[in-house]
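Spelled out, the chains give:
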Amino acid sequence: MLDMKEERAIIMETINTNPRLFEKKADILKAISNPSRLCIVHSLYLNGVCNVSQMQNCLDKAQSTVSQHVSKLKAANIISGERKGKEIYYSLKNEEVKKIVAIFFKE
């Protein structure tokens, strides 16, 4: 059995040897920290899928602005898109973000 000091040393060693883990988590938080992107993520969480036009109506922003936010979320591997005819429908693909949204909005 480890005492508290030994446990803490092991925890600190794990943290210090894996800084990339914290960089990845911070990148996720940065990507969803913008209010418009958080709204997009929340909407996708609630509705499952949305296209840019639906997001635009929800956000009351220009389509070009919404598209820029969508691009950032795609680049962060938080959402993915599937083409259906002329439209692309986006959905949440990052399970951690789904958990964050569920906790944050208590759903």
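Please refer to the structure placed before this passage.
Residues numbered from 1 in each chain as written. Predicted model: local features only at pLDDT ≥ 70, side-chain atom pairs only at ≥ 80, totals over all residues. Heavy atoms only, no water.

K.L.:
Could you clarify how one ought to interpret the packing of aromatic side chains in this entry?
P.N.:
Here a ring pair, both rings aromatic, is described through the centre-centre distance and the interplanar angle of the planes. One pass over the full model with this rule turns up 1 aromatic pair. With centroids separated by 5.2 Å and ring planes inclined at 85 degrees, the aromatic side chains of Phe104 and Phe105 adopt a geometry described as edge-to-face. For Phe104, a relative accessible area of 56% puts it in the exposed group. For Lys84, the ring lying beneath its charged end belongs to Tyr89, and the centroid distance is 5.7 Å. (Phe/Tyr/Trp six-rings, centres within 6.5 Å; stacked < 30°, edge-to-face > 60°. Buried < 20%, exposed > 50% of the residue type's maximum accessible area, 1.4 Å probe, protein only. Lys NZ or Arg CZ within 6 Å of the ring centre and 35° of its normal.)

K.L.:
Please explain the environment of Asp27 as it appears in this structure.
P.N.:
Summarising the element assignment, Asp27 is placed in helix α2 (residues 19–32). A relative accessible area of 38% means that Asp27 is categorised as partly exposed. In this structure, the C-alpha to C-alpha distance between Asp27 and Ala76, residues 49 residues apart in sequence, is 7.5 Å. (Helix = DSSP H or I, 4+ residues; strand = E, 2+ residues; numbered from the N terminus.)

K.L.:
Help me out: how do you make sense of the pattern of salt bridges in this one?
P.N.:
It is possible for side chains of opposite charge to pair when their charged atoms get near one another. The final tally for this structure, using the stated rule, is 4 salt bridges. Here Lys25 ties to Glu96 by a salt bridge, and the two come within 2.1 Å at their closest N and O atoms. Taken together, the positions of Lys25 in helix α2 and Glu96 in helix α6 (residues 95–104) put the pair 71 residues apart, joining distant regions of the chain. When its relative accessible area of 34% is taken as the criterion, Lys25 is described as partly exposed. In this structure, Lys30 engages Asp27 in a salt bridge whose closest nitrogen and oxygen atoms are separated by 3.9 Å. One end of the pair, Lys30, and the other, Asp27, are both in helix α2, 3 residues apart, so they sit about a helical turn from each other. (Salt bridge = Lys/Arg side-chain N within 4 Å of Asp/Glu carboxyl O.)

K.L.:
Would you mind showing me how to read unusual backbone geometry here?
P.N.:
Glycine aside, a negative phi is what most residues show, and trans is what most peptide bonds show. For Asp60, which is not glycine, the phi torsion reads 55 degrees and is therefore positive. In this model, Asn77 sits at a positive phi of 60 degrees, which is unusual for a non-glycine residue. Checked against the element boundaries, Asn77 lands in the loop between α5 (63–75) and β1 (79–84). Relative accessible area serves as the criterion here: at 45%, Asn77 is assigned to the partly exposed category.

K.L.:
Would you take a moment to explain the pairing of strand β2 (residues 87–92) for this structure?
P.N.:
In summary, the side chains of a regular strand alternate between the two faces of the sheet. Bridge count for β1 against β2 is 6 bridges, and the pairing is antiparallel. Opposite Ile79, over in β2, you have Leu92 as the bridge partner. Counting the residues in the hairpin turn of β1 and β2 gives 2 residues, including Gly85, whose phi is positive at 70 degrees. (Pairing = 2+ DSSP bridges.)

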